[in-house]
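Close look at the chain arrangement
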Number of protein chains: 2
Amino acid sequence: MSTPRLVEVRQNVLKQNDILARGLRQRFADAGVLVVSMVSTPGAGKTALLEYTLTRMRSDGLRVAALGGDLATENDARRLARSEARVKQITTGTVCHLDAEMVGRALHDWTLNDLDLLFIENVGNLVCPSSYDLGERLRFVLMSVTEGEDKPLKYPTIFNTADVALMTKLDIAEACEFDREAAKRNIQAVRPGMPILELSVKSGQGIEDYLKFLASHLRQEVAV
Amino acid sequence: MSTPRLVEVRQNVLKQNDILARGLRQRFADAGVLVVSMVSTPGAGKTALLEYTLTRMRSDGLRVAALGGDLATENDARRLARSEARVKQITTGTVCHLDAEMVGRALHDWTLNDLDLLFIENVGNLVCPSSYDLGERLRFVLMSVTEGEDKPLKYPTIFNTADVALMTKLDIAEACEFDREAAKRNIQAVRPGMPILELSVKSGQGIEDYLKFLASHLRQEVAV
């Protein structure tokens, strides 16, 4: 196996990605837009949460938009477009993550100054997206109560590269016999001090705290 | 981005993997062992199903064993070892999939003739494992009712490289408002004719059919 060569080439790609991500981060800061990315397994509820967030924030008069990454289909973009926010799908083909170049390309015809907040929904994958900086200010890792309490221990890298953990689908925690305290301990073991927000889009539990958390970061962005 | 070079190197790695996988497949056939791999998102229930399967098959007098892939921790191996079957963990570090070389290395001190059935549990990831042949006879893709009905459409490659779809956690399908028929249509749209087994380890629904399905393939393997 020519693995050492693959590792070397991959390191060059990551270095290139970091340079592009730094450029994006500067653009976002100059435009005063707060950029938040979401990573998780497929089916942890990224799109449902994002659709709700876009709808709520628009009704509060905020200028919000989203980029969504998927291997195939425009399903998510269609779901998100119901919020009437500006939405663009990035279809990656067989690529298992978004990178800074894809994000930059998707935004080439957008005027970032028109936005308060931009969400980037990554491809559903708990491994590969961890290596790719997208220039975001905040990275949310979603973990649904259906996935088991041990996921932070088994996928430590993604938790280490994220800023906030969102525990989703709280409404079915009991049906799944999910031990919330054990899950929180596992998150803290991997990334001590990481903020954890527990919520359910379906029941509304924890949603106001989550929106307040976003609003506080939005104020910080404007204050910069 | 030096992406074309990355693609070229990756193709070489895949070619090498295919050669090693062919060698493994021949070894498995010579030893008369049925090799079944499992792929899915993290938390779809691979380990729970596997622990149950190993325990049941051992009590039926079958000689079963398992290899489990994870980025970190020996948790799965510990869970699977409760079945008293032979189990080995492959810890991949930051690598998002198993490959044929890892499988070959893990088996170097095993006598395959001592086995009727070997399971390989891949890293939880619906993207990258699709490219790596592990020499298995059957590849199961697990999809839990918590993940949403559209996953086959959004991750078509993994469904295309699998032989059987297992719809897991059937006991909470209703709590998740999961539309089983829509999910089945989506699987068939991506991979027409693919066998689909619906089951729940917790409630026992569909488990006997699943075990019968495995037994029928085991007989074919012995008959070869």
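Notes on the structure in this doc start here. Worth saying up front: this structure is predicted, and the values here are computed from it rather than measured.

**Examining helix H2 (residues 46–59) of chain B**
Residues and elements named next belong to chain B. Between the first and last C-alpha of H2 there are 20 Å, a value that for 14 residues agrees with the 20 Å anticipated at 1.5 Å per step. All buried positions along H2 are accounted for by Lys46, Thr47, Leu49, Leu50, Glu51, Thr53, Leu54 and Met57. Gly61 occupies a position one or two residues after H2 and carries a positive phi of about 85°.

**Remarks on the interface of chain B and chain A**
Residue-level contacts link 47 residues of chain B with 47 residues of chain A. Summed over both sides, the interface of chain B with chain A buries roughly 3900 Å², with 60% coming from carbon and sulfur. Where chain B meets chain A, there are 6 salt bridges. A salt bridge links Glu177 of chain B to Lys202 of chain A, with the nearest nitrogen and oxygen atoms 3.3 Å apart. At the junction of chain B and chain A, the tally comes to 11 residue pairs in polar contact (both at pLDDT 80 or more). For the side of chain B that touches chain A, the secondary structure elements donating two or more residues are helix H1 (3–31), helix H3 (75–81), helix H5 (151–154) and helix H6 (156–161) of chain B.

**Let's talk about the sheet that holds strand S1 (residues 34–39) of chain B**
Residue and element names in this part refer to chain B. With parallel pairing, the 7 strands of this open sheet are ordered in space as S3-S2-S4-S1-S5-S6-S7. Looking at which strands have only one partner, the edges of the open sheet turn out to be strand S3 (86–91) and strand S7 (196–198). Pairs of neighbouring strands in the sheet enclose a mean axial angle of 20°, with direction left out of account. Here strand S2 (residues 64–70) runs beside S3; their pairing, made up of 6 bridges, is parallel. Residue pairing for S3: Gly69 is matched across the bridge by Ile90. Against the sheet, H2 touches S1, S2, S3, strand S4 (117–121), strand S5 (138–144) and strand S6 (164–168), its axis set at about 170° to S4.

**Description of the sheet that holds strand S6 (residues 164–168) of chain A**
Residues and elements named next belong to chain A. One open sheet accounts for 7 strands, arranged S3-S2-S4-S1-S5-S6-S7; its pairing is parallel. The sheet is open, and its two edges are formed by strand S3 (86–91) and strand S7 (196–198), each paired on a single side. Each neighbouring strand pair of the sheet contributes to a mean axis angle of 20°, computed without reference to strand direction. Sheet topology places strand S2 (residues 64–70) next to strand S4 (residues 117–121); 5 bridges connect them, and they run parallel. If you follow Ala65 over to S4, its bridge partner there is Leu118. Across the sheet, helix H2 (residues 46–59) lies against strand S1 (34–39), S2, S3, S4, strand S5 (138–144) and S6, angled at about 170° from S4, the strand it touches most.

**Focus: the packing of aromatic side chains**
All names here are of chain A. Taken as a whole, this structure holds 4 aromatic pairs over all chains when the rule is applied. When the centroid spacing of 6.4 Å and the interplanar angle of 65° are considered together, the rings of Phe140 and Tyr210 count as edge-to-face. Of the two residues, Phe140 sits in strand S5 while Tyr210 sits in helix H8 (residues 207–223), which places them 70 residues apart along the sequence. By relative accessible area, Tyr210 is classed as buried at 0%. Here the aromatic residues Phe140, Tyr210 and Phe213 are joined through ring pairs into a cluster of three or more.

What counts and how
Residues numbered from 1 in each chain as written. Chains lettered and ligands numbered in written order. Predicted model: local features only at pLDDT ≥ 70, side-chain atom pairs only at ≥ 80, totals over all residues. Heavy atoms only, no water. Helix = DSSP H or I, 4+ residues; strand = E, 2+ residues; numbered from the N terminus. Expected span 1.5 Å × (residues − 1). Buried < 20%, exposed > 50% of the residue type's maximum accessible area, 1.4 Å probe, protein only. Contact = heavy atoms within 4.5 Å. Buried area = accessible area lost by both parts, 1.4 Å probe. Salt bridge = Lys/Arg side-chain N within 4 Å of Asp/Glu carboxyl O. Polar contact = N/O pair within 3.5 Å; in protein donor to acceptor, adjacent residues only side chain to side chain. Pairing = 2+ DSSP bridges. Axes fitted to C-alpha atoms, helices over the stretch in contact; angles between N-to-C directions. Phe/Tyr/Trp six-rings, centres within 6.5 Å; stacked < 30°, edge-to-face > 60°.

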